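Fold and geometry: a report
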Amino acid sequence: MELSSLLKSLQLESPPERGDPECPAATAPPAEQVLSQILLLFSAEGVSGSAKAGMVRDLRVLFEAADCQWLFGGCHPNVTPKLLGDLVSVLCHYAALLKQDSDTGGPPSNDDFYTTVADRTADVGLVFLSLLAKVEATKGSRSLGNVVVRQVLPHCLGLIYIFAATHHAEKPWTSSRSRSVAQELLTLLVQVAGCGSVAEFLQGGSEDEEGRFAAVMGLLKPELTKATWKCNPATKHVFSWTLRQVTRPWLSPHLESVLPPSLLLSDDYQEENKILGVCCLHHIILNVPAADLNQFNRAQVVYHALYHHLYVREAQLIQVVLLCLLDLLLVLEKSPQRLSQEPRAATPCHEVLQLVLTHMEAEHRLPLRRVYARNLPAFVKRLGILVAQHLKRLERVIVGYLEVCDGPDEAARLGILETLKCTIQHAWPRMACRLAVLLKALLKMIWGVSTDGGLTPQPVKTALLHGATECLILLDHCSQGQVKILLERIYHSCDDCSLRSCIRQVQENT
């Protein structure tokens, strides 16, 4: 029997008028029978795509017109809920992206295929909206509300969530219509579950309340293995977005299920996947207690995975890796400044800074120089006085970066000035012997900035001059006034206003 014929037999071609004495539930066959026939029709071999599209539209009419009592009232714990879950699963599979048999590096570049997926997604999403609307309508019923919540929802919510999460954001396989339907579906899904947000839907409203994150990860797990995660281009995005919704303290119990996929993504050869994986690892580090991360050497595994990425030459990846490492170091070790027994022990922080300085010294690409310089002050602050172990190489890096203009924003030189400022503050006893080199580099930079007739905006020049002046003042403090004495001669023989202004600020500072 065709689905349209089935709908006619149910007298559900259109929603019944209000007050209509004829109730579909009184004349229609049981819901179990109807759902079983729909599944058989949809799953039959040889059914064309256009025929299935018509079935989807007819199914939407069925859910819109069906009486709640008819659809859920006869719920047998092992029949109707499972049938609805199977139906949702079949519809999700119908609207799913084409599986990739080989590692092609991304989804197929076929506009027609994407258009077809987006159209199917929108149609299936409307069916799910109709179904969830019926579920929401049962909340006012004492007899149906508890049955639907306990028996029907567990079979459907996880699948519908993954479907909506796959299509709610702008991706190559979505359209404005499919995104709109998916976003509306996500909103209604959260409402039906009695939650106020997607985060609450996944993690629960309190620590004692179990959310649906475990169920969602159970559905995603088969697609997040080494052999399968690239078969569906949407899986990594669904996992990443879902993971970011779950925060402390709810994430810790799920560490075993989220850490392996994150490491898998970060270990890929494609930069996009590496960045996605590192961002997932960073979220885990921020939202899982240090004790759990250190158990079974998990933190060490993450550290070695991130340390390996420091050898790449992509600025965007290095940026997320350095930020992640800074937070991971807080988990791996106590404050390096408190390690008095073995002050020269090779801690992870020392290892990272040594490698970063080695790369900075030879780096000529401006995007990477900016990333390194922007993050270097945090490592200096982390080591404190122990940064003195790296002063020889750090001095060469500072002098080399101060010499090179890196564009209108001067991000690299501003970062290096901040690095020098932090270094002087933490390792001031070692600055006197480096005074001549650092003073020469700072004065040379001030002169270059003040005489620069290029495209550098005036606010950026002001920031550079202010940073250099602060460093000169700090150098003067830790050298017991030697800087003022050396600058006195320059002040009287220099005609440049900017340089004279900087020297005057140093001399007036007490």
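Here the structure is a predicted model, which means the values were calculated and not measured.

**Looking at the overall build of the protein**
Per the secondary structure count, the protein includes 25 helices and 0 strands. Burial analysis of the protein (510 residues in total) assigns 51% to the buried set. Contacts spanning at least 24 positions in sequence make up 74% of the contacts within the protein whose residues lie at least 6 apart. About 24,100 Å² of surface is accessible on the protein, with carbon and sulfur atoms providing 53% of the total.

**Looking at the side chain of H309**
Positionally, H309 belongs in helix α16 (residues 298–309). If we ignore the near neighbours within four places in the chain, the residues touching H309 are S266, K274, V278, L317, I318 and V321.

**Observations regarding the packing of aromatic side chains**
Taken as a whole and assessed by the stated rule, the structure comprises 6 aromatic pairs. Here the aromatic rings of Y303 and Y307 are separated by 5.8 Å at their centres, their planes lie at 40°, and the arrangement is tilted. Residue Y303 and its partner Y307 are both found in helix α16; the two are separated by 4 residues, about one turn of the helix. In this structure Y303 comes out as buried when scored by relative accessible area, which is 2%. Measuring from ring centre to ring centre gives 6.2 Å for Y307 and Y311, while their planes differ by 80°; the resulting arrangement is edge-to-face. An aromatic cluster is built from Y161, F201 and W241, whose rings are joined through pairwise contacts. The ring of Y401 has R369 sitting right over it, with the charged end atom 3.9 Å from the ring centre.

**Quick word on the confidence of the model for the protein**
Per-residue confidence for the protein averages 87 on the pLDDT scale, and 87% of its residues sit at or above 70. Confidence over residues 11–26 falls short of pLDDT 50; this stretch has 20 contacts with residues more than four positions distant or in other chains.

**Thoughts on the pattern of salt bridges**
For the structure shown, the criterion picks out 17 salt bridges. A salt bridge links R177 to D123, with the shortest nitrogen-to-oxygen separation between them at 3.2 Å. Placement of the pair is R177 in helix α9 (residues 176–192) and D123 in helix α7 (residues 111–137), with a sequence separation of 54 residues. Looking at R177, the relative accessible area reads 41%, which means it is partly exposed. A relative accessible area of 19% places D123 in the buried class.

**Here's the deal with the packing of α16 against helix α17 (residues 315–332)**
Geometry of a packed helix pair, given as the angle between the helix axes and the separation of the axes. Close contact between α16 and α17 brings their axes to 10 Å; oriented N to C, the two are set at 150°. In terms of orientation, α16 and α17 fall into the roughly antiparallel class. For the element pair α16 and α17, the recorded crossing hand is left-handed. In this structure, α16 contributes A299, Q300, V302, Y303, L306 and H309 to the contact, and α17 contributes L317, I318, V321, C324, L325, L328, V331 and L332. Among the residues forming the contact of α16 with α17, the class breakdown is 12 nonpolar, 2 polar and no charged.

**Focus: the packing of helix α14 (residues 271–287) against α17**
Orientation of α14 relative to α17, taken along the N-to-C sense of each, is 20°, at an axis distance of 9 Å. Of the possible angle classes, the one that applies to α14 and α17 is roughly parallel. Helix-helix and strand crossings are classified by hand; for α14 and α17 the assignment is left-handed. In this structure, α14 uses E271, K274, I275, V278, C279, L281, H282, I285 and L286 to contact α17, whose residues at the interface are Q316, L317, V320, V321, L323, C324, D327, L328 and V331.

**Examining helix α22 (residues 435–450)**
Along an α-helix, residues three or four positions apart point the same way, because every turn accommodates 3.6 residues. Between its terminal C-alpha atoms α22 stretches 22 Å, which fits the 22 Å expected from 16 residues at 1.5 Å a residue. Of all the positions in α22, only L435, L438, L439, A441, L442, L443, M445, I446, V449 and S450 are classed as buried. Buried positions along α22 lie against α20 (391–403), α21 (411–426), α23 (458–478), α24 (482–493) and α25 (497–508).

**Some words on the nonpolar core**
Where a protein is soluble and globular, its nonpolar side chains tend to be buried together. Of all hydrophobic cores here, the largest spans 163 residues; its most connected members are Y161 and L328. No other element matches α17, which puts 13 residues into this core. With near-sequence residues (within four places) excluded, Y161 lies in contact with L186, L189, V198, F201, L202, V216, W241 and T242. Membership of the second largest hydrophobic core comes to 5 residues, among which are Y114, V117, W173 and A234.

**Some remarks on the environment of C502**
By secondary structure assignment, the location of C502 is in helix α25. Between the alpha carbons of C502 and H466 there is a distance of 7.9 Å; along the sequence they are 36 residues apart. Those residues within four positions of C502 in sequence are excluded, and the remaining contacts are I446, L465 and T469.

**Brief notes about α25**
The terminal C-alpha atoms of α25 lie 16 Å apart, and with 12 residues this matches the ideal 16 Å at 1.5 Å per residue to within 8%. Along α25, the positions that sit buried rather than exposed are L499, C502, I503 and V506. Down the axis of α25, the buried side of the element spans an arc of 95°, and every buried residue falls inside it. Away from its buried face, by an angle of more than 90 degrees, α25 presents the exposed residues C497 and E508. Here the buried face of α25 lies against α22, α23 and α24.

Reading the values: the criteria
- Residues numbered from 1 in each chain as written.
- Predicted model: local features only at pLDDT ≥ 70, side-chain atom pairs only at ≥ 80, totals over all residues.
- Heavy atoms only, no water.
- Helix = DSSP H or I, 4+ residues; strand = E, 2+ residues; numbered from the N terminus.
- Buried < 20%, exposed > 50% of the residue type's maximum accessible area, 1.4 Å probe, protein only.
- Contact = heavy atoms within 4.5 Å.
- Areas by Shrake-Rupley, 256 points an atom, 1.4 Å probe, with all protein chains shown as cover.
- Phe/Tyr/Trp six-rings, centres within 6.5 Å; stacked < 30°, edge-to-face > 60°.
- Lys NZ or Arg CZ within 6 Å of the ring centre and 35° of its normal.
- pLDDT = per-residue confidence, 0-100.
- Salt bridge = Lys/Arg side-chain N within 4 Å of Asp/Glu carboxyl O.
- Axes fitted to C-alpha atoms, helices over the stretch in contact; angles between N-to-C directions.
- Parallel < 35°, antiparallel > 145°, perpendicular 65-115°, else oblique.
- Left-handed = near helix turned anticlockwise from the far one by under 90°.
- Nonpolar A, V, L, I, M, F, W, Y, C, P; charged D, E, K, R; others polar.
- Expected span 1.5 Å × (residues − 1).
- Core = buried A, V, L, I, M, F, W, Y, C linked by side-chain atoms within 4.5 Å.
- Arc of directions from axis to C-beta.

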